[in-house]
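# Observations on the three-dimensional arrangement
One-letter residues, chain by chain:
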Amino acid sequence: MRVSLFIPCLVDQFYPQVGLSTLRLFRKLGLEVVYPSDQTCCGQPAFNSGYHEEARKLAVRFLRIFSDAEYIVTPSGSCASMVRVFYQDLSIPADLQQSLDRVKEIIFELAEFLVDILKVTDVGAAFSARVTYHDSCHLLRELKVKDPPRALIRNVKGIDFIEMPESSTCCGFGGAFSIKFPEISTAMLEEKVRSIQRSGAEYVVASDAGCLMHIAGLLLRSRIPIKTLHLAELLAVNLR
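Here's what I pulled together on the structure shown here. (Residues numbered from 1 in each chain as written. Predicted model: local features only at pLDDT ≥ 70, side-chain atom pairs only at ≥ 80, totals over all residues. Heavy atoms only, no water.)

### Overview of the packing of aromatic side chains
Following the criterion strictly, the structure yields 11 aromatic pairs and no others. Measuring from ring centre to ring centre gives 5.3 Å for Phe177 and Phe181, while their planes differ by 40°; the resulting arrangement is tilted. Under the relative-accessibility criterion, Phe177 is labelled partly exposed at 29%. An aromatic cluster is present here, built from Phe6, Phe62, Phe66 and Tyr87 joined pairwise through their rings. (Phe/Tyr/Trp six-rings, centres within 6.5 Å; stacked < 30°, edge-to-face > 60°. Buried < 20%, exposed > 50% of the residue type's maximum accessible area, 1.4 Å probe, protein only.)

Structural data, given as structure tokens:
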């Protein structure tokens, strides 16, 4: 099976270890991995800010780069949902409609690909710590992916997984939302961190780098000794 790896902007710029962990995981599973070196942003930041023409150009570029893929996998629920759910709102040129229809069928977030396509819930990872999980909004609400990340986490050897209260409540990041409405965003984040603390976890795991960046900021500023970890990093650690 051949997988084309799509790496989101935040991962590329701030969390390269997430991309490397995804690659390591795929190689452990015996997948053929292709990384199109000319890939760029999926267009989500422009789209969410109202710049639909700029987003459309990036969507067209994405479709031309990935249209021949067997599967497209990204360690980001938000980027996967941008392509699968929101590209249809961008007036994609008629000659690319067939490519759009196909790409929507073959792009997956990491956890849903592992569980729903590969039928794998135990990748051979080991991690001895108490962990909780934060549901990122796009992954849960747009892609309807809730159980796959949890199934993967529960099968990590040595892990103590505990659900936090209100795990599906937004952390307040929302990309530009956190910049345009910092007071509201911070209030939402504070509530999320309280939920994380109530779980008693040492680590909070999520499937989107934006959520993790936002949560880690408050944890660090507040000197709360809880660490953040992307799902890909958790699954790639101490692989047996």
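Picking up after the structure, the text goes on.
### Here we look at the pattern of salt bridges
Inspection of every chain in the model, using the stated rule, returns seven salt bridges. Taking the shortest distance from any N to any O, the salt bridge between Arg150 and Asp135 comes out at 2.6 Å. Taken together, the residues Arg150 in helix H9 (residues 147-154) and Asp135 in the loop between strand E5 (130-133) and helix H8 (137-142) connect sequence positions 15 residues apart. With relative accessibility at 3%, the residue Arg150 sits in the buried group. In this structure, Glu191 engages Arg194 in a salt bridge whose closest nitrogen and oxygen atoms are separated by 2.9 Å. Taken together, the positions of Glu191 and Arg194, both in helix H11 (residues 182-199) and three residues apart, correspond to about one turn of that helix. By relative accessible area, which is 32% here, Glu191 ends up partly exposed. Judged by relative accessible area, which is 39%, Arg194 ranks as partly exposed. Three or more residues joined by partner-sharing salt bridges are found here, namely Asp135, Arg150 and Glu163. (Salt bridge = Lys/Arg side-chain N within 4 Å of Asp/Glu carboxyl O. Helix = DSSP H or I, 4+ residues; strand = E, 2+ residues; numbered from the N terminus.)

### Comments concerning the sheet that holds strand E2 (residues 32-34)
Across the sheet, four strands lie side by side as E2-E1-E3-E4; this open sheet has parallel pairing. Each of the sheet's edge strands pairs with one partner strand only, and the pair in question is E2 and strand E4 (107-109). Going from strand to strand, the sheet's axes swing by 35° on average, the running direction of each strand aside. With three bridges connecting them, strand E1 (residues 2-5) and strand E3 (residues 71-74) associate as parallel partners. Residue pairing across strands places Leu5 opposite Val73, the latter belonging to E3. Here helix H2 (residues 16-28) sits on the sheet and contacts E1, E2 and E3; the angle it forms with E1, its principal contact strand, is near 180°. (Pairing = 2+ DSSP bridges. Axes fitted to C-alpha atoms, helices over the stretch in contact; angles between N-to-C directions. Contact = heavy atoms within 4.5 Å.)

### A look at the pairing of strand E8 (residues 227-230)
Pairing of strand E7 (residues 203-206) with E8, which is carried by four bridges, proceeds in the parallel orientation. Directly across from Ala206, in E8, lies its bridge partner His230.

### Brief notes about the state of the cysteines
Evaluation of the coordinates by the stated rule reveals zero disulfides. For the unlinked cysteine Cys41, the closest cysteine sulfur is that of Cys9, found at 3.6 Å. Not part of a disulfide, Cys211 finds its nearest cysteine sulfur in Cys171, a span of 4.0 Å. With a relative accessible area of 10%, Cys211 lands in the buried category. (Disulfide = S-S within 2.5 Å.)

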